[in-house]
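# Close look at the chain arrangement
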Amino acid sequence: MTSKHILNNRKEKKYEEFKVLAEMNKEIHSTMNINRLLQILVEKAVVAINFERCLIYFLENDFLRCVAWIDRIKRERASIIKKKVGFRMDEISVELLSVKTGKTIYIPDALNDTRVSPKLLKILDTREYCAVPLIGREKVLGVITGDKRYSNAPITSEEIETLNLFASHISLAIENAKLYQEKEAFNQILEQTVIEKTSELIEANQQLSKRMEQLSTLHKMSKLLNESLEKEAVLNKVGLMLESMGYKIFSIWAHGKEGYSVAFATGLDVAYSKLPHNPTGHEGFEMDLSSGNPFFIKDLASSLMIKSCRDYYIKKNLKSCLVVPVATKETLNAIIKIYSDKKDFFKEDLNSFFLLFGQQISKALENAIIFQTIKDEKDQITTLSRKIKEENIYLKAKEKMDFIVGKSSSMQKIMDLVQIVAQTPSSVFIHGETGTGKELIARAIHELSSRKDEPLITINCSAIPEELIEGELFGHEKGVFTGAHQRRIGMFELAQGGTIFLDEIGEMSLATQTKLLRVLQEKEIRRLGSKTLISLDVRVITATNRNLQERVKNNLFRSDLFYRINVFPILLPPLRERKEDIQDLVTHFIKKHDYMNNKMIRIDQEVLDILIKYSWPGNVRELENVIERLIIIARDGIINKYDLPKEILGQADSELPIKPLREAIRGYKKELVIQALKVSEGKKLMAAQLLGMPGSNFSRLFKELGITAKSESV
């Protein structure tokens, strides 16, 4: 699997986790009863991560009590725990350590970790688990532990991070529920003392009503915000919530790539957004927004205000302002500004409410930002994958068109034959000299056929030892012969539904030919050592550089097999018979090896002329090898005559220009003498013997031709 596929899978997983987390939030924020909250967690067994079992503990005075068992695999074991089981504060346990430090603790080996309580090991037979504190607004409420005992899969850092996020949402719901229970308990006390303390009861009830209204608002807001994972939707819902609370003039500033901008506004016009605002400093007032504490501006007409802002507020009759930061530990994601037409309208008793209000929004907004980041990355990966797929389709289509390079009439006729036979299931026999491109023709037939999406299996029959070829072609069972340590699937079976190309079939032994003939006739195979027949749906293409008809006459190739494979013969001409294709082939190979060697090479016209004249005994394969070599050694980005191999250059030089016969004979004699001296390493007597003449005659000829020591060394 590629890195890109791995990244995509991770993003998909994270995306699903946040969706599950949103659904869980709807459930746990639907009640203010602590027991009902625990019941929901137990019944739904929602962990939003890969943890299979979880224990939830509440801190009750000096005792950490286990209150719920969540089991995602064996749900029948999940339950609310009513017995008083857990840990005293003076005991040693990982759970207590997490509560005391307020930090997540990961235990890789519970059996050998001295921090793990022995009585916990009696209940949970697990080696690896982690404990995450349930942190409220002011104190630690308890702890949640998680393991993967059933699958014994390792716990990853990403899973621990997600469990922390899960714990933060549970903590919020637990604290809200406890506050609600405190209210219920307080109501009971009030009802019992209503007669004795009527006046106190009225005042307390008013405070409680206000508190309950705020709690109800926070509860509604928590439920509303967690219904969406889109940043814009979250901010819009915050705006609607403020309107429902009776605030008529306010703005919400969101942090983006270019700083802060107005994302939602009510009771303010376009001129407001054009003012020289500094949301983090509020037009001249210094504020510490990183703490998350609300900030009150009692008089907007203060001389500290920027003049254009002050003039706007005076014109709109706005006299005071409440600033609510929406901040995480790392960044200030948004700022809420609520305005009033009265001085000192906002009282200090709103501070605690809007602190919680900002914290609620911060969690929802942080989730939305993370979700949007993952969604954007997922979209980028999807777009990139689509582009790669489109490019692959294009390249594959182009590759089909570029299988055979050549405009000569002989190659055009061959391509016409390829296109005709590709649409049929017939066997094809390709023959021609070595290096003429038989495998390319076979690949073209396969790619232009209806079998193109199935495998093309290529086998060089001459490269496989006789004793192994049957096992390679048809497969074998384990133990059928020495060295057969496991079952092997044969090449014919691997090519099922596609095409098999048997190259150099002329080198196949008579014994193997007999077995191959049976397979072609019966269209079924049997692995060595097996009694089961396997039906085949495979197209067979064969090739050779041998004269099979001659080999049939000499009893080296079975005639019945020859007639079986020779259904549709294609003869590939040697390169020397289609020289008009050489220029196109040279251009094609230069482009190909330019890309592979990261070069930009051009070829001199004189070199091209020499290549066209050369006889190419190795055909197209030899031409490609020569071009690859020339690209490697080319200097200054140009292939010139002196880069050519000696055999090519020598053949070109052998085509002598027309000149006077006497001059030509003299030049030829001189070249022969120099060549003989080179072979004899300068020994004249040996050179004379090579030329079949006496030493005295050789010396005389040496002088007549004017050969010098310098010439000898050339």
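All values reported here derive from a predicted model rather than from experimental measurement. (Residues numbered from 1 in each chain as written. Predicted model: local features only at pLDDT ≥ 70, side-chain atom pairs only at ≥ 80, totals over all residues. Heavy atoms only, no water.)

All right, on to the sheet that holds strand β21 (residues 568–572) then. Pairing within the open sheet is parallel, and its five strands lie in the order β14-β17-β20-β13-β21. Every interior strand has two partners, whereas the edge strands, β14 (456–460) and β21, have only one. Shown here is a sheet whose adjacent strand axes are inclined to one another by a mean of 15 degrees, direction ignored. Bridge count between strand β13 (residues 428–432) and strand β20 (residues 539–544): four bridges; the pairing is parallel. (Pairing = 2+ DSSP bridges. Helix = DSSP H or I, 4+ residues; strand = E, 2+ residues; numbered from the N terminus. Axes fitted to C-alpha atoms, helices over the stretch in contact; angles between N-to-C directions.)

A word on unusual backbone geometry. Even without a glycine there, the phi angle at Asn-61 is positive, about 55 degrees. Within the element layout of this structure, Asn-61 appears in the loop between β1 (53–60) and β2 (63–71). Classification of Asn-61 as exposed rests on a relative accessible area of 77%. Even without a glycine there, the phi angle at Asn-555 is positive, about 60 degrees. By secondary structure assignment, the location of Asn-555 is in the loop between α16 (548–553) and α17 (559–565). (Buried < 20%, exposed > 50% of the residue type's maximum accessible area, 1.4 Å probe, protein only.)

Judged by nonpolar contacts, the single largest core of 47 residues is most densely connected at Ile-56, Tyr-57, Leu-120, Leu-134, Ile-144 and Ile-174. Mapped onto this core, the elements with two or more residues apiece are α2 (34–44), β1, β2, α3 (94–101), β5 (105–107), β6 (129–135), β7 (140–147) and α5 (157–193). Per-element accounting of this core gives the leading share, eight residues, to α5. Ignoring anything within four residues of it in the chain, the contact list for Leu-120 reads Leu-55, Tyr-57, Phe-87, Glu-95 and Tyr-129. Counting residues in hydrophobic clusters, the runner-up holds 30 residues, among them Ile-469, Val-519, Ile-525 and Leu-548. (Core = buried A, V, L, I, M, F, W, Y, C linked by side-chain atoms within 4.5 Å. Contact = heavy atoms within 4.5 Å.)

Locating Leu-141 in the fold gives a position in strand β7. Leu-141 sits in the buried class, given a relative accessible area of 6%. Sequence-wise, Leu-141 and Leu-64 are 77 residues apart; in three dimensions their C-alpha atoms are separated by 9.5 Å.

This part is about the packing of helix α11 (residues 409–422) against helix α12 (residues 438–447). Their axes nearest at 8 Å, the elements α11 and α12 cross at an angle of 40 degrees. In terms of orientation, α11 and α12 fall into the oblique class. Crossing of α11 against α12: the hand is right-handed. Within the contact between the two elements, α11 uses Ile-414, Val-418, Val-421 and Ala-422 and α12 uses Ile-441, Ala-444 and Ile-445. A per-class count over the contact of α11 with α12 returns seven nonpolar, no polar and no charged. (Parallel < 35°, antiparallel > 145°, perpendicular 65-115°, else oblique. Left-handed = near helix turned anticlockwise from the far one by under 90°. Nonpolar A, V, L, I, M, F, W, Y, C, P; charged D, E, K, R; others polar.)

Read these as layout, nothing more, since geometry by itself doesn't imply function.
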